[in-house]
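Chain and residue survey
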Amino acid sequence: VFNEPFKFFAAKKMINRGKLFHLQHGGSYGTSDDYPVEKIQMKLYDKFFSWGWSDKSKKTEKLFCQKTIAIKIKQNKKTSGLIIPIFEWHLYPGDIVGGRPRTLNDINLLINNIDIFFSTLRDDIKIKSAFKFLKYENNLYPKYILNSLKSKFKKASFFHSKKNSIYYLNKYKVYVDTVNSTGYLETLNLNLPTILIFDEHICRIRQSAQKEFLSLEKAKILFKDAKAAAKFINENYEKIDEWWFSKKVQLAVKNFTNKFARSTNNPYMFLEKLKK
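This report concerns the structure included in the present document. Here the structure is a predicted model, which means the values were calculated and not measured.

Rules used throughout
Residues numbered from 1 in each chain as written. Predicted model: local features only at pLDDT ≥ 70, side-chain atom pairs only at ≥ 80, totals over all residues. Heavy atoms only, no water. Salt bridge = Lys/Arg side-chain N within 4 Å of Asp/Glu carboxyl O. Helix = DSSP H or I, 4+ residues; strand = E, 2+ residues; numbered from the N terminus. Buried < 20%, exposed > 50% of the residue type's maximum accessible area, 1.4 Å probe, protein only. Phe/Tyr/Trp six-rings, centres within 6.5 Å; stacked < 30°, edge-to-face > 60°. Lys NZ or Arg CZ within 6 Å of the ring centre and 35° of its normal.

Time to look at the pattern of salt bridges. All told, the structure shown has 13 salt bridges when counted by the stated rule. Lys67 is the salt-bridge partner of Glu186, the closest N and O atoms lying 3.3 Å from each other. One end of the pair, Glu186, is in helix α6 (residues 182–189); the other, Lys67, is in the loop between β3 (60–62) and β4 (82–86), with 119 residues separating them in the sequence. For Lys67, a relative accessible area of 34% gives the class partly exposed. Here the salt bridges do not stand alone but share partners, grouping Lys47, Glu61 and Lys273 into one network.

And the structure:
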């Protein structure tokens, strides 16, 4: 997106009848009900390699979640607390990516949901938990969400890292996501304890994905209410593994990842598809 020479290179190849393929990088492809970027890309690309979902377009090829290949995260008895990633967005309308805030009202709603969730947690869980944030280069985004949460939770732990959150789940017990983005697809793919808080005003799910998300909701992985999510963690914190590895939860995770974050024993499948 930010590489101008590559754009000209790709355009020239396309004019000369080259093929333009796109590998899904994550995001809310196939799940978000309002994802203009996906529609635009589908028009541009000859083939779109998804993480397991397909649509009516002949352009979509089912692939797998390539970002977790060869990654193994082990949790143990010392693993504790929650890791909550936070992101920033522009304060003016214009974001055409679905499943996350697009306006200042949406951003304030997200902050309020995180506030309710964290405030409702038991104090002993708060102490062991942390917010992870990114440092954006060239002041790309304001630190509106970060500063808001820091002012609300002065004693909470905040740290910045460019590493994906999955790499910290050997330290933290549960991953908590509040937007329909890449992070939870990776944690579910690796079968790591995950809690989702998706406000329906921000994370609208498309009809073709409703069944899988309903399954996550019934398994207490997905919550639409921040307070209910916190209460569930408060009541089940000491028995997270018992909950996560129950048959109901594992079946929901398996059915979801088979469609939206598939694993593979043969990553070279991609090369085989390219040859065809």
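Turning our eyes to something else, we now look at the environment of Phe131. With respect to the helices and strands, Phe131 occurs in strand β5 (residues 130–133). With a relative accessible area of 0%, Phe131 lands in the buried category. Placed 18 residues apart in sequence, Phe131 and Leu149 show a C-alpha to C-alpha distance of 9.2 Å.

What follows is about the packing of aromatic side chains. Following the criterion strictly, the structure yields 22 aromatic pairs and no others. Measuring from ring centre to ring centre gives 5.2 Å for Phe49 and Phe270, while their planes differ by 85°; the resulting arrangement is edge-to-face. Here Phe49 is found in strand β2 (residues 47–50), whereas its partner Phe270 is found in helix α11 (residues 269–275), with 221 residues between them in sequence. In terms of burial, Phe49 and Phe270 fall into one category: buried. With 6.1 Å between their ring centres and 45° between their planes, Tyr184 and Phe256 make a pair best called tilted. Note that Tyr184 is positioned in helix α6 and Phe256 in helix α10 (residues 247–260), a separation of 72 residues in sequence. One exposure class covers both Tyr184 and Phe256, and it is buried. Ring pairs connect the aromatic residues Tyr184, Phe198, Phe213, Phe256 and Phe260, which therefore count as one cluster. Lys150 extends its terminal NZ or CZ atom over the ring of Phe158, reaching a point 5.9 Å from the ring centre.

Everything listed is a geometric property; what it means functionally is a separate question.
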